[in-house]
Amino acid sequence: MGAGGRLSVPNSPVQRVPHTKPPFTLGQIKKAIPPHCFQRSIPRSFSYVAYDLSLAFLFYYIATSYFSLLPSWLTYLAWPLYWTLQGCTLTGVWVIAHECGHHAFSDYQWLDDTVGLILHSSLLVPYFSWKISHRRHHSNTGSLERDEVFVPKPKSRIPWFSKYLNNPLGRALTLVITLTLGWPLYLAFNVSGRPYNRFACHYDPYGPIYSDRERLQIYISDAGIFTASYVLYRLILAKGLAWVVCMYGIPLLIVNAFLVLITYLQHTHPTLPHYDSLEWDWLRGALATVDRDYGVLNKVFHNITDTHVAHHLFSTMPHYHAMEATRAIKPILGEYYQFDGTPFYKAMWREARECLYVEPDEEGSDKGVFWYRNKF
């Protein structure tokens with residue numbers, strides 16, 4: 001696990017990623033990547049959209065055309081299978097819209113934003129609102145003061161009740177709430193996000209997340225959500241609430257669960273450092289993330305899972321070049337590259353147990369470098 005021989009960490013099952021200034025620059029990393037990896041292709045990008053949407057329609061067609069013909073006992077197997085396959089496929093659609101938000105879909109910003117707005121709105125994501133806060137996450141990754149999401153807390157800011165959840169039942173409850181409600185709570189109430197001096201909400205054009213020149217984009221995002229919600233409302237009137245929940249609602253819950261889990265596991269790991277303003281710089285922050293292995297889902301999710309380090313270094317790179325780029329930068333990054341092949345369902349439980357809060361080492365001169373702790 002990880003990139004090589006590092007010293008063991010007390011109370012941690014793995015070894016720490018180096019936190020000192022790297023012996024390489026971003027320019028040197030970029031030179032190691034073949035130039036064609038930075039080229040965006042409109043036909044190729046749209047081919048992934050077409051593939052994902054075709055799969056989603058196929059699953060929909062099978063469910064609506066054939067499930068009613070099955071014996072009643074068999075539908076108890078068919079529906080969970082549909083929900084899983086459709087949820088995973090739509091997570092791939094979400095990832096393509098995420099790529100649009102990074103201007104990695106094409107060479108044309110207007111085209112990226114158009115595709116991203118349509119795809120994300122269809123999944124009830126406020127595209128521009130998310131795009132702006134996500135861009136700030138990439139600009140401030142690993143910073144305890146300025147990162148936007150999944151910002152770990154020092155022990156002094158941990159809620160009093162957290163110690164009572166530090167047990168198997170409490171962890172299970174926390175994970176269930178995080179995976180089911182985490183995404184809507186983040187969008188609506190900035191839960192797990194960067195603290196602001198007043199109420200922050202991704203739907204509020206005048207909230208503290210956005211500047212005056214960004215207000216119009218938030219209105220456009222809200223219009224996209226309103227349009228998608230109205231379509232769902234009309235479908236409920238025409239088909240019934242149960243039909244909409246089965247065909248769209250439960251797959252959407254799976255999408256939301258996966259995007260929360262993917263983000264959580266990319267930035268939460270016992271080996272990863274976090275920095276305060278004394279130590280943080282952009283390159284070290286970008287390297288404070290980890291590639292994960294989701295098995296066959298790596299391809300379904302367009303490799304957002306196992307090429308996240310390269311993505312943080314070069315976020316405008318198309319996903320279909322990210323694997324090649326990752327292979328190219330590994331020799332340059334050396335011990336600064338972190339990969340964890342633990343199955344994601346096991347890693348989720350381990351991180352919930354091992355990564356409770358962050359604190360600097362009691363002995364050491366790097367007081368601006370914070371590490372995860374697993375005991376209160």
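Placed above this text is the structure.
Scope of this entry: the structure provided in the associated data block. All values reported here derive from a predicted model rather than from experimental measurement. (Residues numbered from 1 in each chain as written. Predicted model: local features only at pLDDT ≥ 70, side-chain atom pairs only at ≥ 80, totals over all residues. Heavy atoms only, no water.)

## Some thoughts on the packing of aromatic side chains
Where two aromatic rings form a pair, the distance of their centres and the angle of their planes describe that pair.
Phase 1: Within this structure, the stated rule accounts for 29 aromatic pairs.
Phase 2: A ring pair is formed by Tyr 61 and Tyr 66, whose centres lie 6.1 Å apart and whose planes are at 80°; its orientation type is edge-to-face.
Phase 3: Take Tyr 61: its relative accessible area is 40%, and that puts it in the partly exposed class.
Phase 4: The rings of Trp 94, Tyr 127, Phe 128, Trp 130, Trp 183 and Tyr 186 are connected pair by pair, giving a single aromatic cluster.
Phase 5: Of note, Arg 146 hangs over the ring of Trp 280, and the distance from its end group to the ring centre comes to 4.7 Å.
Phase 6: Sitting over the face of the ring of Trp 243, Lys 239 holds its NZ or CZ atom 5.4 Å from the ring centroid. (Phe/Tyr/Trp six-rings, centres within 6.5 Å; stacked < 30°, edge-to-face > 60°. Buried < 20%, exposed > 50% of the residue type's maximum accessible area, 1.4 Å probe, protein only. Lys NZ or Arg CZ within 6 Å of the ring centre and 35° of its normal.)

## Some remarks on the pattern of salt bridges
Phase 1: Tallied over the full model, the rule gives 15 salt bridges.
Phase 2: With a shortest N-O distance of 2.8 Å, Arg 350 and Glu 351 are connected by a salt bridge.
Phase 3: Under the relative-accessibility criterion, Arg 350 is labelled buried at 9%.
Phase 4: Residue Glu 351 is classed as buried on the basis of its relative accessible area of 0%.
Phase 5: The salt bridge partner of Arg 373 is Asp 361, with a shortest N-O separation of 3.0 Å. Residue Arg 373 is found in strand β5 (residues 369-373), and its partner Asp 361 is found in the loop between β4 (357-359) and β5; the two are separated by twelve residues along the sequence.
Phase 6: Several salt bridges converge on common partners, so that one network encompasses Arg 292, Asp 340, Arg 350 and Glu 351. (Salt bridge = Lys/Arg side-chain N within 4 Å of Asp/Glu carboxyl O. Helix = DSSP H or I, 4+ residues; strand = E, 2+ residues; numbered from the N terminus.)

## Brief notes about the sheet that holds strand β1 (residues 274-275)
Phase 1: If you trace the three strands from one edge of the open sheet to the other, you get β1-β5-β4, paired in antiparallel fashion. Bordering the open sheet on either side are β1 and β4, each of which pairs with just one other strand.
Phase 2: Of the strand pairs in this sheet, β4 and β5 are connected by three bridges, and their pairing is antiparallel. Pairing of Glu 359 across the sheet is with Trp 371, part of β5. (Pairing = 2+ DSSP bridges.)

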